[in-house]
Amino acid sequence: MSATERLREHFWGLDLNRGNMELTKREDMYCYFIVEHTSDSEFAYKQALSLLVAGCRNFVFYGKAEAIWHLQTDLADIQMNPEMEEVALTSSVDSFDDFVDGLAELLSIRPFVPFHTYLIYDDREIYAEVLKRLKIAGKTA
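Thresholds, definitions, all that
- Residues numbered from 1 in each chain as written.
- Predicted model: local features only at pLDDT ≥ 70, side-chain atom pairs only at ≥ 80, totals over all residues.
- Heavy atoms only, no water.
- Helix = DSSP H or I, 4+ residues; strand = E, 2+ residues; numbered from the N terminus.
- Buried < 20%, exposed > 50% of the residue type's maximum accessible area, 1.4 Å probe, protein only.
- Phe/Tyr/Trp six-rings, centres within 6.5 Å; stacked < 30°, edge-to-face > 60°.
- Core = buried A, V, L, I, M, F, W, Y, C linked by side-chain atoms within 4.5 Å.

Draft legend 1. Region of interest: the overall build of the chain. When you go through the chain residue by residue, the secondary structure sums to four helices and six strands. Going from the N terminus to the C terminus, the chain shows its helices and strands as β-β-β-α-β-α-β-α-β-α. Split into buried and exposed, the 141 residues of the chain put 47% on the buried side.

Draft legend 2. Representation of the packing of aromatic side chains in the model. A complete count under the given rule lists ten aromatic pairs for this structure. Taken together, a centroid distance of 5.3 Å and an interplanar angle of 40° make the contact between F33 and W69 tilted. Taken together, the residues F33 in strand 3 (residues 29–34) and W69 in helix 2 (residues 66–80) connect sequence positions 36 residues apart. According to the relative accessible area criterion, W69 is buried, its value standing at 0%. Relative to Y127, the ring of Y121 lies with its centre 3.7 Å away and its plane at 15°, an arrangement referred to as stacked. Taken together through their ring pairs, the aromatic side chains of F33, F43, F59, F61 and W69 make up a single cluster.

Draft legend 3. Inspection of the nonpolar core at higher detail. Formed by 22 residues in total, the largest nonpolar core has its most connected members in F11, I34, F99, L103, L119, V130 and L134. For this core, the secondary-structure elements that each account for two or more residues are strand 3, strand 4 (56–62), helix 3 (96–108), strand 6 (116–121) and helix 4 (124–134). Counting residues per element, this core draws most heavily on helix 3, at six residues. If you look at the next biggest cluster of nonpolar residues, it comprises 21 residues, including F33, V35, A65 and I120.

This is how it looks when you write it as structure tokens:
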């Protein structure tokens, strides 16, 4: 079963609980995470590595496990790019409103060269609320 859901052009939802992520290597990907329940450091590290390989360079974390995911993504970035200070930009957001506002602002940009944004989640209720606030009718049933 696919974990990937197309929400609109260049914007995808990815469920951490439904199998493997289907990612195509792209330049300039943005990855927004809702991580409430998935606190396994090894799993977070492996997911971060796969996202870095796929081209994600911008990571934003929200949820109870955000500190684990933030750290593991930084460690994966260091492993992949030991000679550079950092390639990936990582940040955490404590406020749900700030998380949604930041994502909404990013999605409102109309760049000359399109970029892809992924909303990666482990909590369907929070995911559904984000989509509701963004006014996107996702397949959250």
